[in-house]
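# Coordinates in review
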Amino acid sequence: MSTDNRLMIKNLQKLEHFYVLISKATNLPYAECDAETFDDQVAIFEHEQDAKDYAEKLEEQQYPTVVTEIVKDKMSAFYTGLYLTGINRVAFHNGSGFCYLDLSSVVTVKKPEQKDNMPPVMNDSLQLTAVYFLQELRRSNQNTPDPERTARLREMEQELIANLKRSRFVLVIDITDVKGPLDLTKPNPDVKVPYLKNPAGDIIQPIFSDLWEFEKFRQKNPRKLQALAAPFQKLVPPLIQNAKGFALNPAGFNLLLQRDKVEALAKQQ
């Protein structure tokens, strides 16, 4: 039997602010897959205390989160982020309990146009499988061997690897010092490749699952950056020579893809 949620949708849409849980494992909203409907959902709370109570329950299960306020002028970007991550439902808690609402009924998000010759604007399958995998992998206090969890992680990792191998990625170059028109078919010493360093001092090259993640990185970088596209099988040639690997979505879940693993997977059919 279907439920008429129009009043609840209007109440959510009228809010001046609400609260969500950001996973410390991914720096993205904590995602859950409904065991019965298999909807991928994120919880939204009208009241801060309800969000804190839910965060405590997750903490007891070793899923650390941070309660974050989303104000009115940030809601559109928040919902767009959910859509681009592959979330299709919100669990809205108004103080009395949860009401489950399709994301498409709460907000209208226009599907971004993807052209063959441009970097990926959306990669929700990869984003979502990485979120679930890392939320589980990066749980705290998991030192005791657990065969069931190990098997679950292995299955999630295989799904993530499959999505990595079938994906196109956003590479980035620094063209701040380039003078005149840029011609990528010719060597240019003024074209640079940004890199990151981990606590050990290793060089890591940033790459991105989509333009949304690239934009989060670009906004924090004072240099003039340009996005390029490459399939997984062709990531290794542009990899910085002495880099240990790639940091996938460093402003998001920041997944390290080690050089040798990328090279091995790229050779697989």
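Our subject is the structure that appears above.
The sections below set out a description of the structure shown in this document. (Residues numbered from 1 in each chain as written. Predicted model: local features only at pLDDT ≥ 70, side-chain atom pairs only at ≥ 80, totals over all residues. Heavy atoms only, no water.)

Attention shifts here to the overall build of the protein chain. Within the protein chain one finds eight helices and twelve strands. Its C-alpha atoms give the protein chain a radius of gyration of 20 Å, within 12% of the compact-globule value 18 Å for 269 residues. Its C-alpha atoms give the protein chain principal-axis dimensions of roughly 60 × 50 × 35 Å. Here the protein chain holds 269 residues, and the buried ones make up 43% of them. Put simply, 72% of the contacts in the protein chain that link residues at least 6 apart link residues at least 24 apart. Just so you have it, the protein chain exposes about 15400 Å², and 50% of that area is on carbon and sulfur atoms. Averaging the locations of the 34 positively and 36 negatively charged side chains of the protein chain gives two centres separated by 8 Å. (Helix = DSSP H or I, 4+ residues; strand = E, 2+ residues; numbered from the N terminus. Rg over C-alpha atoms; globule rule 2.2 N^0.38 Å. Buried < 20%, exposed > 50% of the residue type's maximum accessible area, 1.4 Å probe, protein only. Contact = heavy atoms within 4.5 Å. Areas by Shrake-Rupley, 256 points an atom, 1.4 Å probe, with all protein chains shown as cover. Lys, Arg positive; Asp, Glu negative; His and termini not counted. Charge placed at Lys NZ, Arg CZ, Asp CG, Glu CD.)

Locating Asp 40 in the fold gives a position in strand 3 (residues 40-45). Here Asp 40 is buried and forms no salt bridge, its nearest opposite-charge partner Arg 89 lying at an N-O distance of 9.3 Å. Reaching out from Asp 40, the side chain makes a polar contact with the side chain of Tyr 132 at a distance of 2.7 Å. Beyond its immediate sequence surroundings of up to four residues, Asp 40 is in contact with Glu 32, Cys 33, Gly 86, Ile 87, Asn 88, Arg 89, Leu 128 and Tyr 132. (Salt bridge = Lys/Arg side-chain N within 4 Å of Asp/Glu carboxyl O. Polar contact = N/O pair within 3.5 Å; in protein donor to acceptor, adjacent residues only side chain to side chain.)

This paragraph deals with the packing of aromatic side chains. Two aromatic rings, taken as a pair, are described by how far apart their centres are and by the angle between their planes. The full count for this structure, using the stated rule, is eleven aromatic pairs. Members of the aromatic cluster, joined through ring pairs, are Phe 45, Tyr 54, Phe 98 and Tyr 100. The side chain of Lys 216 reaches across the aromatic face of Trp 212, ending 4.3 Å from its centre. (Phe/Tyr/Trp six-rings, centres within 6.5 Å; stacked < 30°, edge-to-face > 60°. Lys NZ or Arg CZ within 6 Å of the ring centre and 35° of its normal.)

We now examine the nonpolar core. With 52 residues, the main nonpolar core has Leu 12, Phe 18, Ile 44, Phe 78, Tyr 79, Leu 235 and Leu 248 as its most contacted residues. Ranked by the residues each element gives to this core, the list is headed by helix 5 (residues 124-137), at seven residues. With residues up to four places along the chain from it excluded, the contact list for Ile 44 reads Leu 12, Phe 18, Tyr 19, Val 20, Phe 78, Tyr 79, Val 90, Ala 91, Phe 92 and His 93. Counting residues in hydrophobic clusters, the runner-up holds eleven residues, among them Leu 21, Phe 45, Tyr 54 and Leu 58. (Core = buried A, V, L, I, M, F, W, Y, C linked by side-chain atoms within 4.5 Å.)

Attention now moves to empty space enclosed by the protein. Evaluation of the coordinates by the stated rule reveals one cavity of 30 Å³ or more. By volume, the largest cavity is sized at about 40 Å³. Together, Leu 21, Tyr 30, Glu 32, Val 42, Ala 43 and Tyr 54 line the largest cavity. When the residues that make up the lining of the largest cavity are grouped by side-chain class, the tally is five nonpolar, no polar and one charged. (1 Å grid on protein atoms, 1.4 Å probe; cavity = no way out; pocket = protein on both sides within 12 Å on 5 of 7 lines; lining within 4 Å. Points joined across faces, edges and corners; volume = space filled by probe spheres on them. Nonpolar A, V, L, I, M, F, W, Y, C, P; charged D, E, K, R; others polar.)

Moving on, we get to the sheet that holds strand 12 (residues 255-258). Spatially, four strands are ordered 8-9-11-12 in an open sheet, and the strand pairing comes out mixed. Of all the strands in the sheet, the pair left with one neighbour each is strand 8 (196-197) and strand 12. Where strand 9 (residues 203-207) and strand 11 (residues 245-248) come together, four bridges link them in parallel fashion. Bridging across to strand 11, Gln 205 finds its partner in Phe 246. (Pairing = 2+ DSSP bridges.)

Two elements in contact, helix 3 (residues 75-85) and helix 5, have axes separated by 7 Å at closest approach and are oriented at 90°. Judged on the interaxial angle alone, helix 5 and helix 3 are roughly perpendicular. On helix 5, the residues that touch Tyr 83, Leu 84 and Thr 85 of helix 3 are Asp 124, Gln 127, Leu 128 and Val 131. Per-class residue counts for the contact of helix 3 with helix 5 are four nonpolar, two polar and one charged. (Axes fitted to C-alpha atoms, helices over the stretch in contact; angles between N-to-C directions. Parallel < 35°, antiparallel > 145°, perpendicular 65-115°, else oblique.)

Any link to function would need more than the numbers given here.
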